[in-house]
Amino acid sequence: CTKIVDAEGGICTEYEGNYSRFLQLKKARMDAWQAAYDAQEKKIKEERKWIQKFKVKQPQAVKQRQAKLEKQIKSDDYVK
């Protein structure tokens, strides 16, 4: 067998090679996804912390940051 299709979470991913190669590639893909997800969540947490900190002092800036955060979460670049 030279191709393996992995169907996980409703998304199909095709891998070239045997089963051992599939396991290596899938682990690398999942590790990259986890790193991207963790970085994204850290950034979101920092933004929410900033928003809470400056809610009273800078309401206009808070409003802008909230809009930016919501836009980021709704974008296609958001790692799910």
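Further up the page is the structure itself.
The shown structure was predicted, so the numbers you read here are calculated from the model rather than taken from an experiment. (Residues numbered from 1 in each chain as written. Predicted model: local features only at pLDDT ≥ 70, side-chain atom pairs only at ≥ 80, totals over all residues. Heavy atoms only, no water.)

## As for the pairing of strand E2 (residues 11–16)
Item 1. Across six bridges, strand E1 (residues 3–8) lies against E2 in antiparallel orientation. Its bridge partner lying in E2, Ile4 is registered against Tyr15.
Item 2. Between E1 and E2, which pair antiparallel one after the other, the connecting turn spans two residues, and Gly9 there sits at a positive phi close to 65 degrees. (Pairing = 2+ DSSP bridges. Helix = DSSP H or I, 4+ residues; strand = E, 2+ residues; numbered from the N terminus.)

## Some points on a positive patch on the surface
Item 1. Where like charges cluster on the molecular surface, the positive patch consists of Lys45, Lys49, Lys53 and Lys57.
Item 2. When you line up the elements, Lys49 lands in helix H1 (residues 19–53). (Patch = residues over 30% accessible without salt bridge, like charges linked within 9 Å, V, L, I, M, F, W, Y side chains within 5 Å. Areas by Shrake-Rupley, 256 points an atom, 1.4 Å probe, with all protein chains shown as cover. Salt bridge = Lys/Arg side-chain N within 4 Å of Asp/Glu carboxyl O. Lys, Arg positive; Asp, Glu negative; His and termini not counted. Charge placed at Lys NZ, Arg CZ, Asp CG, Glu CD.)

## Regarding the nonpolar core
Item 1. Counting six residues, the largest nonpolar core consists of Ile44, Trp50, Ile51, Phe54, Val62 and Leu69.
Item 2. Elements with a minimum of two residues in this core: H1 and helix H2 (59–74).
Item 3. If you tally residues by element for this core, the top one is H1, at three residues.
Item 4. Not counting residues up to four positions away in its chain, the partners in contact with Ile44 are Leu69, Ile73 and Tyr78. (Core = buried A, V, L, I, M, F, W, Y, C linked by side-chain atoms within 4.5 Å. Buried < 20%, exposed > 50% of the residue type's maximum accessible area, 1.4 Å probe, protein only. Contact = heavy atoms within 4.5 Å.)

## Topic: the layout of surface pockets
Item 1. Its volume calculated, the largest pocket comes out at about 170 Å³.
Item 2. As for the largest pocket, its lining consists of Asp6, Glu8, Gly9, Ile11, Thr13, Arg29, Met30 and Trp33.
Item 3. Every element with two or more residues in the lining of the largest pocket is listed here: E1, E2 and H1.
Item 4. Residues of the lining of the largest pocket, tallied by class, amount to three nonpolar, two polar and three charged. (1 Å grid on protein atoms, 1.4 Å probe; cavity = no way out; pocket = protein on both sides within 12 Å on 5 of 7 lines; lining within 4 Å. Points joined across faces, edges and corners; volume = space filled by probe spheres on them. Nonpolar A, V, L, I, M, F, W, Y, C, P; charged D, E, K, R; others polar.)

## A look at the packing of aromatic side chains
Item 1. This model, assessed by the stated rule, comprises four aromatic pairs.
Item 2. Summarising the aromatic geometry, the rings of Tyr15 and Phe22 are spaced 5.0 Å apart at their centres and angled 75 degrees between planes, so their arrangement reads as edge-to-face. Like Phe22, Tyr15 is buried.
Item 3. Aromatic side chains Trp50 and Phe54 sit 4.8 Å apart centroid to centroid with 40 degrees between the ring planes, which places their arrangement in the tilted category.
Item 4. An aromatic cluster is defined as three or more aromatic residues linked by ring pairs; in this entry it consists of Tyr15, Tyr19 and Phe22. (Phe/Tyr/Trp six-rings, centres within 6.5 Å; stacked < 30°, edge-to-face > 60°.)

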